[in-house]
Amino acid sequence: MVLGRSERRRRSSAVDPTTLKILVAGGFGVGKTTLVGAVSEIKPLRTEERLTEAGRPVDDLDGVEGKTTTTVAMDFGRITVNDALVLYLFGTPGQDRFWFLWDELALGALGAVVLADTRRLADSFAAVDYFERRGLPFTVAVNCFDDAEQFPPETVREALDLDDAVPVLLCDARSRESVRDVLITVVQHAMRISTEQREPALS
Ligand SMILES: Nc1nc2c(ncn2[C@@H]2O[C@H](COP(=O)(O)OP(=O)(O)OP(=O)(O)O)[C@@H](O)[C@H]2O)c(=O)[nH]1
Ligand SMILES: [Mg+2]
């Protein structure tokens, strides 16, 4: 097939989209795997294993009694935000015994979402501490479970003792649109921080 001049120009000017890595973190059973699955345009890679009697002493099932599986390594998904931007999503395992995987998963990440559940807000403390310590920009997204009491974002900010600059928003981890909004907030926040770090005098 012979390409016309305008088609040839169009194709040669098309640039590869920027690809960014985003972590999806948070406590056990907060909805990380659900979030990645809701938004991914490829079949998400999951590493779910059944929760067993043997794990009962170390797996804290309080508040998530209906849960039958848990992530033991990571979730992986991809979302094309627009022609210029593709996000690769890495969901962390939620249980403390898999903390050793976090450093590997965080390598090269632009930013992170810390998913929170208002019924078990303390389960998010460790993820918030982790990203603050590493200096990795993060956004807190409250996954609004039907039977959880709903609090305004500012109350959650206070409870988690977050810096004013950290975005806090409410979301539904099952909804593609809602998760997309969260991810766009993460990218914008991380870009803002990286610009401020590069141009401190202007910010
Ligand atoms: N009602 C409601 N249920 C949800 C929501 N998000 C997740 N769930 C349910 O909550 C359970 C836990 O979700 P997961 O996505 O496995 O949670 P996780 O954070 O990946 O869990 P771990 O990997 O074990 O830490 C699942 O049964 C989901 O169907 C939500 O927004 N609303
Ligand atoms: Mg999971």
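Residues numbered from 1 in each chain as written. Chains lettered and ligands numbered in written order. Predicted model: local features only at pLDDT ≥ 70, side-chain atom pairs only at ≥ 80, totals over all residues. Heavy atoms only, no water.

Caption draft 1: A look at the overall build of the protein. Helix and strand counts for the protein stand at 6 helices and 8 strands. Helices and strands appear in the protein in the N-to-C order α-β-α-β-β-β-β-α-β-α-β-α-β-α. For the protein, contacts bridging at least 24 residues in sequence account for 72% of all contacts bridging at least 6. For the protein, the accessible area works out to roughly 11,300 Å², and carbon and sulfur atoms hold 52% of it. (Helix = DSSP H or I, 4+ residues; strand = E, 2+ residues; numbered from the N terminus. Contact = heavy atoms within 4.5 Å. Areas by Shrake-Rupley, 256 points an atom, 1.4 Å probe, with all protein chains shown as cover.)

Caption draft 2: Examining the side chain of Ser 40 more closely. Mapped onto the secondary structure, Ser 40 falls in the loop between α2 (32-39) and β2 (48-50). Separated by 2.8 Å, the side chain of Ser 40 and the backbone oxygen of Ile 42 make a polar contact. The contact partners of Ser 40, leaving out residues within four places of it in the chain, are Gly 77 and Arg 78. (Polar contact = N/O pair within 3.5 Å; in protein donor to acceptor, adjacent residues only side chain to side chain.)

Caption draft 3: Layout of the packing of aromatic side chains. All told, the structure shown has 8 aromatic pairs when counted by the stated rule. Centre to centre, the rings of Tyr 130 and Phe 131 are 5.3 Å apart; their planes meet at 85 degrees, and the pair counts as edge-to-face. The buried category is assigned to Tyr 130, whose relative accessible area is 5%. Assessed through its relative accessible area of 0%, Phe 131 is described here as buried. Connected via pairs of aromatic rings, a cluster forms that spans Trp 99, Trp 102, Tyr 130, Phe 131 and Phe 138. We note Lys 21 situated over the ring of Phe 90; from NZ or CZ to the ring centre the distance is 4.6 Å. Arg 119 extends its terminal NZ or CZ atom over the ring of Phe 145, reaching a point 4.5 Å from the ring centre. (Phe/Tyr/Trp six-rings, centres within 6.5 Å; stacked < 30°, edge-to-face > 60°. Buried < 20%, exposed > 50% of the residue type's maximum accessible area, 1.4 Å probe, protein only. Lys NZ or Arg CZ within 6 Å of the ring centre and 35° of its normal.)

Caption draft 4: View of the packing of α2 against helix α6 (residues 176-198). Closest axis-to-axis distance for the α2/α6 pair is 9 Å, and the angle between their directions is 100 degrees. The orientation of α2 relative to α6 falls into the category roughly perpendicular. From α2, Leu 35, Ala 38 and Val 39 reach across to α6, where they touch Arg 176, Val 179, Arg 180 and Leu 183. Residues belonging to the contact of α2 with α6 are distributed by class as follows: 5 nonpolar, no polar and 2 charged. (Axes fitted to C-alpha atoms, helices over the stretch in contact; angles between N-to-C directions. Parallel < 35°, antiparallel > 145°, perpendicular 65-115°, else oblique. Nonpolar A, V, L, I, M, F, W, Y, C, P; charged D, E, K, R; others polar.)

Caption draft 5: Geometry of the site of ligand 1. Near ligand 1 lie 18 residues; those nearest to it are Lys 32, Thr 33, Thr 34, Thr 70 and Asn 143. Within the backbone of Gly 31, one N or O atom sits 2.9 Å away from an oxygen atom of ligand 1. Relative to its free-state accessible area of 650 Å², ligand 1 is covered by the protein chains to the extent of 79%. Within the residue set of the shell around ligand 1, elements represented by two or more residues are α2 and β3 (69-71). Considering every element that reaches the shell around ligand 1, the biggest residue donor is α2, with 3 residues. (Near = heavy atom within 4 Å.)

Caption draft 6: Summary view of the coordination of the magnesium ion (ligand 2). Every protein donor of the magnesium ion (ligand 2) is accounted for by Thr 33 (OG1) and Thr 71 (OG1), and the metal-donor separations fall at 2.0 Å. Placement of the pair is Thr 33 in helix α2 and Thr 71 in strand β3, with a sequence separation of 38 residues. Exposure class is identical for Thr 33 and Thr 71. Each is buried. (Donors = N, O, S within 2.8 Å, 3.2 Å for Na, K, Ca; no water.)

Caption draft 7: Quick peek at the pattern of salt bridges. For the structure on display, the rule yields 9 salt bridges. Taking the shortest distance from any N to any O, the salt bridge between Arg 120 and Asp 117 comes out at 3.6 Å. Judged by its relative accessible area of 1%, Asp 117 falls in the buried class. The residue Arg 119 makes a salt bridge to Asp 147 at a minimum N-O spacing of 3.0 Å. Remark: Asp 147 occurs in the loop between β7 (138-143) and α5 (153-160) and Arg 119 occurs in the loop between β6 (111-116) and α4 (125-134); sequence separation between them is 28 residues. Overall, the relative accessible area of 61% leaves Asp 147 in the exposed class. Each of Asp 117, Arg 119, Arg 120, Asp 123 and Asp 147 takes part in one network of salt bridges that share partners. (Salt bridge = Lys/Arg side-chain N within 4 Å of Asp/Glu carboxyl O.)

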